[in-house]
Amino acid sequence: MTDVTKVAVEELPDAPNPTRHKKEVDEALGVTEFGFNYYVADPGERLPWGTHRHPDHEELFYVLEGTLEVELADDVLVVNAGEAVFVPPDTTNLARATGEEPTRAVAVGAPKETDGAIIAEECPSCGEESDRSYEVDGDDYVLTCAACGEVVDRLTPGPA
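Residues numbered from 1 in each chain as written. Predicted model: local features only at pLDDT ≥ 70, side-chain atom pairs only at ≥ 80, totals over all residues. Heavy atoms only, no water.

Colleague: Just checking my understanding: could you explain the sheet that holds strand β8 (residues 84-87) for this structure?
Modeller: As a general point, the strands of a sheet are linked pairwise by backbone hydrogen bonds and lie either parallel or antiparallel. Spatial ordering of the open sheet is given by β2-β3-β10-β5-β8, a layout of five strands whose pairing is antiparallel. The sheet is open, and its two borders are formed by β2 (21-24) and β8, each paired with just one other strand. Along the sheet, successive strands turn relative to each other by an average axial angle of 20 degrees, direction set aside. The sheet contact formed by strand β3 (residues 35-41) and strand β10 (residues 103-110) spans seven bridges and is antiparallel. The residue of β10 that forms the bridge with Phe-36 is Val-108. (Pairing = 2+ DSSP bridges. Helix = DSSP H or I, 4+ residues; strand = E, 2+ residues; numbered from the N terminus. Axes fitted to C-alpha atoms, helices over the stretch in contact; angles between N-to-C directions.)

Colleague: Mind showing me how you'd approach the pairing of β10 here?
Modeller: A regular strand places its side chains on the two faces of the sheet in alternate fashion. Pairing between strand β5 (residues 58-65) and β10: seven bridges, direction antiparallel. By the bridge assignment, Val-63 is partnered in β10 with Ala-105.

Colleague: For this particular structure, what's the right way to read a nonpolar patch on the surface?
Modeller: A surface patch of nonpolar side chains, about 340 Å² in accessible area, is lined by Leu-60, Tyr-62, Leu-64 and Phe-86. Ranked by residues supplied to the nonpolar patch, first place goes to β5 with three residues. Position of Leu-64 among the secondary structure elements: in strand β5. By relative accessible area, which is 38% here, Leu-64 ends up partly exposed. (Patch = residues over 30% accessible without salt bridge, like charges linked within 9 Å, V, L, I, M, F, W, Y side chains within 5 Å. Areas by Shrake-Rupley, 256 points an atom, 1.4 Å probe, with all protein chains shown as cover. Salt bridge = Lys/Arg side-chain N within 4 Å of Asp/Glu carboxyl O. Buried < 20%, exposed > 50% of the residue type's maximum accessible area, 1.4 Å probe, protein only.)

Colleague: Help me understand the side chain of Arg-46 in this model?
Modeller: When you line up the elements, Arg-46 lands in strand β4 (residues 46-53). Here Asp-153 takes part through its side chain, which lies 3.0 Å from a polar atom of the side chain of Arg-46. Among all residues touching Arg-46, those that are not within four sequence positions of it are Pro-18, Thr-19, Leu-94, Ala-95, Arg-96 and Asp-153. (Polar contact = N/O pair within 3.5 Å; in protein donor to acceptor, adjacent residues only side chain to side chain. Contact = heavy atoms within 4.5 Å.)

Colleague: For this particular structure, what's the right way to read the packing of aromatic side chains?
Modeller: The way to describe two aromatic rings as a pair is by their centre distance and the angle between their planes. Across all of its chains, the model carries one aromatic pair by this definition. On the basis of an interplanar angle of 40 degrees and a centroid distance of 4.6 Å, the ring pair of Tyr-134 and Tyr-141 is categorised as tilted. (Phe/Tyr/Trp six-rings, centres within 6.5 Å; stacked < 30°, edge-to-face > 60°.)

Purely geometric numbers; function is a separate question.
The structure is reproduced here in structure tokens:
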């Protein structure tokens, strides 16, 4: 028998994030060359953490149900069910579920080893546009502002 494996995506544990569900399918299957995440996001929820860019990593969102808006520096793309959007490396973006119903989407990215994101958002405490670092606190991720060190968000595993 080969080393082929499978998982029931809906049964995977949720990763800390601001959506109802984030399933790290790639991690569950031991994928080493690309990232693969499944999201269920209620209207207004961000996928995954906020305005960010991946310097050396491509990202593709495919919307299964609902609507996703992808905010770019100079445009907003509306991505409906059955549509996909490609985000090239080093492109600042923010994906957010919109519409009346939850959005179900898949995010795929490569190469996996360069999937680290640089978040670039205004800090609610100091007002600086800065990156975020995070620490693991139990099952949660606690995000802090790189400029002032204040906690700016706590991400918990779903359901949100």
